[in-house]
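Remarks on the overall topology
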Amino acid sequence: MASACSSMASISILLLSLSILFEISLSVPPTEDVHDLLPTYGFPRGLIPSSVKEYSLSEDGEFEVHMDHPCYVQFDDLVYYDKKIKGHLSHGSIVDLTGIQAKKLFLWVPVTGIDAASGYVQFHVGALSETLPAEQFENVHVCKSNPYANYI
């Protein structure tokens, strides 16, 4: 009889635990789209193109964005997005950035950081930088596998 009571108590505790876990999981909001997350950090939605498969952001600001495939977007310059983009995100600043390159003249240069303030976005390439109007990045652009698809 003591064994039956012990089993019933174990089942009751298990059911209670499961119901609490179920309630907790319902109260967690769904993961945001990375494009909707960017403005909360002061960046325009279109800084990252449309082909994002998933992303992660830790409490200390470390992030990874996984794209469906490497691709290109034409802004003022042609920009290459690798399949994985990594960096450290804080309000108005991305540092230690990897996975994005811009074509300057005939060279591909790695974008190592991005700052956003007062309607402008500043891209860092080592010690150099270029500032562009943020409105260029308001819309989420379609990522193309072939950078010259519009010219063929």
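Residues numbered from 1 in each chain as written. Predicted model: local features only at pLDDT ≥ 70, side-chain atom pairs only at ≥ 80, totals over all residues. Heavy atoms only, no water.

Section: the pairing of strand 5 (residues 93–104)
Note: strand 4 (residues 78–90) against strand 5, 7 bridges, orientation antiparallel. Considered in strand 5, the bridge of His 88 is made with Val 95. Counting the residues in the hairpin turn of strand 4 and strand 5 gives 2 residues, including Gly 92, whose phi is positive at 80°. With 2 bridges joining them, strand 5 and strand 7 (residues 113–117) adopt antiparallel strand pairing. Bridge assignment links Ser 93 to a residue of strand 7, and that residue is Asp 115. In the sheet, strand 5 pairs with strand 6 (residues 107–110) via 4 bridges, with the strands oriented antiparallel. By the bridge assignment, Lys 103 is partnered in strand 6 with Trp 108. Between strand 5 and strand 6, which pair antiparallel in sequence order, lie 2 residues; one of them, Leu 105, sits at a positive phi of approximately 55°. (Pairing = 2+ DSSP bridges. Helix = DSSP H or I, 4+ residues; strand = E, 2+ residues; numbered from the N terminus.)

With respect to the nonpolar core
Counting residues in hydrophobic clusters, the biggest one holds 30 residues, and the most contacted among them are Leu 47, Met 67, Tyr 81, Ile 85 and Ile 114. Of all elements in the fold, only strand 2 (62–67), strand 3 (71–74), strand 4, strand 5, strand 7 and strand 8 (120–125) reach the threshold of two or more residues within this core. (Core = buried A, V, L, I, M, F, W, Y, C linked by side-chain atoms within 4.5 Å. Buried < 20%, exposed > 50% of the residue type's maximum accessible area, 1.4 Å probe, protein only.)

Considering the packing of aromatic side chains
With the rule as written, the count across this model stands at 5 aromatic pairs. Ring plane angle 55° and centroid distance 5.2 Å describe the contact between Tyr 72 and Tyr 80, whose orientation is recorded as tilted. Accessibility assignment for this pair places Tyr 72 and Tyr 80 in one class, buried. Aromatic pair Tyr 80 and Trp 108: ring centres 6.5 Å apart, planes at 75°, arrangement edge-to-face. Of the two residues, Tyr 80 sits in strand 4 while Trp 108 sits in strand 6, which places them 28 residues apart along the sequence. An aromatic cluster of at least three residues, connected via ring pairs, comprises Tyr 72, Tyr 80 and Trp 108. (Phe/Tyr/Trp six-rings, centres within 6.5 Å; stacked < 30°, edge-to-face > 60°.)

Here we look at the pattern of salt bridges
Counting across every chain of the model gives 3 salt bridges. Between Arg 45 and Asp 36 there is a salt bridge, with its nearest N and O atoms 3.1 Å apart. On the basis of relative accessibility, which here comes to 33%, the residue Arg 45 falls in the partly exposed class. Between Lys 104 and Asp 77 there is a salt bridge whose closest N-O contact spans 2.9 Å. Of this pair, Lys 104 sits in strand 5 while Asp 77 sits in the loop between strand 3 and strand 4, and the two are 27 residues apart along the sequence. Residue class for Lys 104 comes out partly exposed when judged on its relative accessible area of 32%. (Salt bridge = Lys/Arg side-chain N within 4 Å of Asp/Glu carboxyl O.)

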